[in-house]
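Breakdown of the fold
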Amino acid sequence: MENSSRSGDIGEEDEDKRGKEGVRESIGVSQGLSQGLWEVRGYQQLQGDTHVPFSLFAENVVLATGASDSPARLGVEGEDLPYVFHSVRDLGVAVSCHGKIDSSSDPVLVVGAGLSAADAVLCALNHRVSVLHAYRKRADDPGLIFKQLPKTLYPEYHRVYHMMCSQVYPASPVANPTAPSPTLFPDYTSFPEHCVLSFQPDMHCVMRGSNGVLRVFKVSMVLVLIGTYPNLFFLKEQGQYLGLDPSRPISCRQNPVDINPYTFECNAEPGLFAMGPLVGDNFVRFLKGGALGITSCLRKRLKQRIEKNRKLIAEEGG
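Per an unreviewed UniProt entry, the recorded name for the chain is Oxidative stress induced growth inhibitor family member 2, and the organism is Cirrhinus mrigala.

Below you can see the structure in the form of structure tokens.
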């Protein structure tokens, strides 16, 4: 097999860096000629600093790394303060049995209007922690992901969406410092059309509404959940050439991997498949779309190869 120069190494982040030691694998991929194989190279990290290299060959490779490697950031003052996080997992740790946040704590601020933000809201409410939920869009914006979800299949997300619409913080017509502040809802308060201006060291958050009014709230924790980007550094050009727009980085929303909609094979690379958030599918956990499409494609190709081999054997008189 002749190898092309498309090679690299990929290191998967250990999903739990806090106290858990386990096996971490890293892989790299390079493709040979169009009729060749993919070479997968990397290392297996055992307990401690021991690394065992490995190499294997495959006719097909499926990219299923997700798109949560690099969280999107607001880029505002104080975003690196210790009480500001970018993962729902951090909220789970904070409200656990030995966590620092409970029903008597100040509210948790969730920034974003996607499914990760909804997951954070549900997590906090399930632990009786009050939530402030800020997002840029209107509550009735047709582009919200909740509009695309059937109520019967996703009742928990529609519960969040109902609160986003019904438990809205009252908007002041003009900024009036002497006017009394409206009261927050006891469990959840929605702040549509709000943007965060800064996070302060004293755990106060400054937000601005669509009417220009500034609001300041004391919080116990902040979850900035406004999207994530995949890390495809093990592919040529960070995998950018695989996207619908090869001039832009791969993004779940703006520039997913360009695939055949039936087989989920990358249009730019035969034998390379992609699924999940990389192709804009955020519901892979329900085994829809990519998982079944790729399996069906590979099964059909295997059947075709078996039939072809049988014909060759028959023609040769075997």
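Structure shown, so let's carry the discussion forward.
A few words on the nonpolar core. By size, the foremost hydrophobic cluster in this structure holds 34 residues, and its most contacted members are Leu91, Val108, Val110, Val121, Phe146, Tyr157 and Met164. Secondary-structure elements contributing two or more residues to this core are helix H1 (88–94), strand S8 (108–111), helix H2 (115–126), helix H3 (155–166) and strand S14 (221–224). By size, the runner-up hydrophobic cluster in this structure holds 23 residues, among which are Val40, Leu232, Leu235 and Ala274.

Right, let's talk about the environment of Phe85 for a bit. Note that Phe85 resides in strand S7 (residues 84–85). Here the alpha-carbon distance between Phe85 and Pro71, two residues 14 residues apart in the chain, equals 9.9 Å. The contacts of Phe85, once residues within four sequence positions are left out, are Asp90, Met221, Val222, Leu223 and Val224.

Taking 1.5 Å per residue as the helical rise, H3 with its twelve residues ought to reach 16 Å, and the 16 Å between its terminal C-alpha atoms agrees with that figure. Of all the positions in H3, only Tyr157, His158, Val160, Tyr161, Met163 and Met164 are classed as buried.

A word on unusual backbone geometry. Phi is positive for Glu193, which is not a glycine, with a value near 55°. With respect to the element layout, Glu193 can be found in the loop between strand S10 (188–191) and strand S11 (195–199). For Glu193, a relative accessible area of 34% translates into the label partly exposed. Positive phi values are uncommon outside glycine, yet Phe264 reaches one of about 65°.

Before going further, it helps to examine the packing of H2 against H3. Taken N-terminus to C-terminus, the directions of H2 and H3 make an angle of 90°; their axes are 10 Å apart at the nearest point. The angle between H2 and H3 falls in the class roughly perpendicular. Residues Leu115, Ala118, Asp119, Val121, Leu122, Leu125 and Asn126 of H2 pack against Glu156, Tyr157, Arg159, Val160 and Met163 of H3.

Inspection of every chain in the model, using the stated rule, returns six aromatic pairs. Centroid distance Tyr154 to Tyr157: 6.4 Å. Interplanar angle 25°. Geometry classified as stacked. The same class applies to Tyr154 as to Tyr157, namely buried. Arranged with centres 5.7 Å apart and planes meeting at 85°, the rings of Tyr169 and Phe217 form a pair that is edge-to-face. Of the two residues, Tyr169 is situated in the loop between H3 and S10 and Phe217 in strand S13 (residues 214–218); the sequence distance between them amounts to 48 residues. An identical accessibility class is assigned to Tyr169 and Phe217; each is buried. Put simply, the rings of Tyr169, Phe191 and Phe217 pair up and form one aromatic cluster. In this structure, Lys236 is placed above the aromatic ring of Tyr241, and the distance from its NZ or CZ to the ring centre is 4.5 Å.

A word on the pairing of strand S9 (residues 131–134). Burial of S9 is two-sided: the residues Val131 and His133 facing one way and the residues Leu132 and Ala134 facing the other way are all buried. The handedness of the S8 to S9 crossover, carried by H2, is right-handed.

Attention shifts here to the environment of Pro71. By the element assignment, Pro71 lies in strand S6 (residues 70–71). Distance from Pro71 to Pro230, taken between C-alpha atoms, is 8.8 Å for residues 159 residues apart in sequence. Ignoring any residue separated from it by four or fewer positions in sequence, one finds Pro71 in contact with His86, Gly227 and Thr228.

Attention shifts here to the side chain of Gln45. Its place among the elements puts Gln45 in strand S3 (residues 38–45). Within polar-contact distance, the side chain of Gln45 engages the side chain of His51 at 3.5 Å.

Moving on, we come to the sheet that holds S9. A sheet is described by the order of its strands in space; here five strands give the open sequence S7-S14-S8-S9-S10, paired in parallel fashion. Of all strands in the sheet, those with a lone pairing partner are S7 and S10, marking the two edges. Bridge count between S7 and S14: two bridges; the pairing is parallel. Considered in S14, the bridge of Phe85 is made with Leu223. Relative to the sheet, H2 contacts S8, S9 and S10, its axis offset from that of S9 by approximately 170°.

Conventions and cut-offs
Per chain, the residues get numbers from 1 upward, laid out in the order the sequence is written. Restriction of local features to residues with pLDDT of at least 70 applies here, the model being predicted, together with a cutoff of 80 or more for giving and counting side-chain atom pairs; totals for whole chains, interfaces and linings are based on all residues. In computing side-chain properties, one takes all heavy atoms of the structure into account and sets aside hydrogens as well as water. Here, nonpolar core refers to any group of buried Ala, Val, Leu, Ile, Met, Phe, Trp, Tyr and Cys residues whose side-chain atoms link them within 4.5 Å. Relative accessibility thresholds used throughout: buried, under 20% of the residue-type maximum; exposed, over 50%; partly exposed, between the two (1.4 Å probe, protein chains only). Labels follow the DSSP assignment, with helices taken as runs of H or I lasting at least four residues and strands as runs of E lasting at least two, numbered in each case from the N terminus. Note on definitions: a residue-residue contact is assigned when non-hydrogen atoms from the two residues lie within 4.5 Å. A helix is expected to span 1.5 Å multiplied by its residue count minus one. Each axis is a line fitted through C-alpha atoms, taken for helices only over the stretch in contact, and angles between the N-to-C directions span 0 to 180 degrees. In these notes the angle categories are as follows: under 35 degrees is roughly parallel, over 145 is roughly antiparallel, 65 to 115 is roughly perpendicular, and the rest is oblique. Here a Phe, Tyr or Trp ring, Trp counted by its six-membered ring, pairs with any other such ring whose centre lies within 6.5 Å, and the pair is stacked when the planes are under 30 degrees apart, edge-to-face when over 60, and tilted otherwise. Put simply, a charge is over a ring when the Lys NZ or the Arg CZ is close to the ring centre, within 6 Å, and near the line of the ring normal, within 35 degrees. Note on handedness: a clockwise path from strand one over the helix to strand two, with the strands aimed away from the viewer, defines a right-handed crossover. N or O atoms closer than or at 3.5 Å make up a polar contact, with two conditions inside protein: a donor-capable atom paired with an acceptor-capable one, and, for residues adjacent in sequence, both atoms drawn from side chains. Only when DSSP finds a minimum of two bridges between them are two strands counted as paired.

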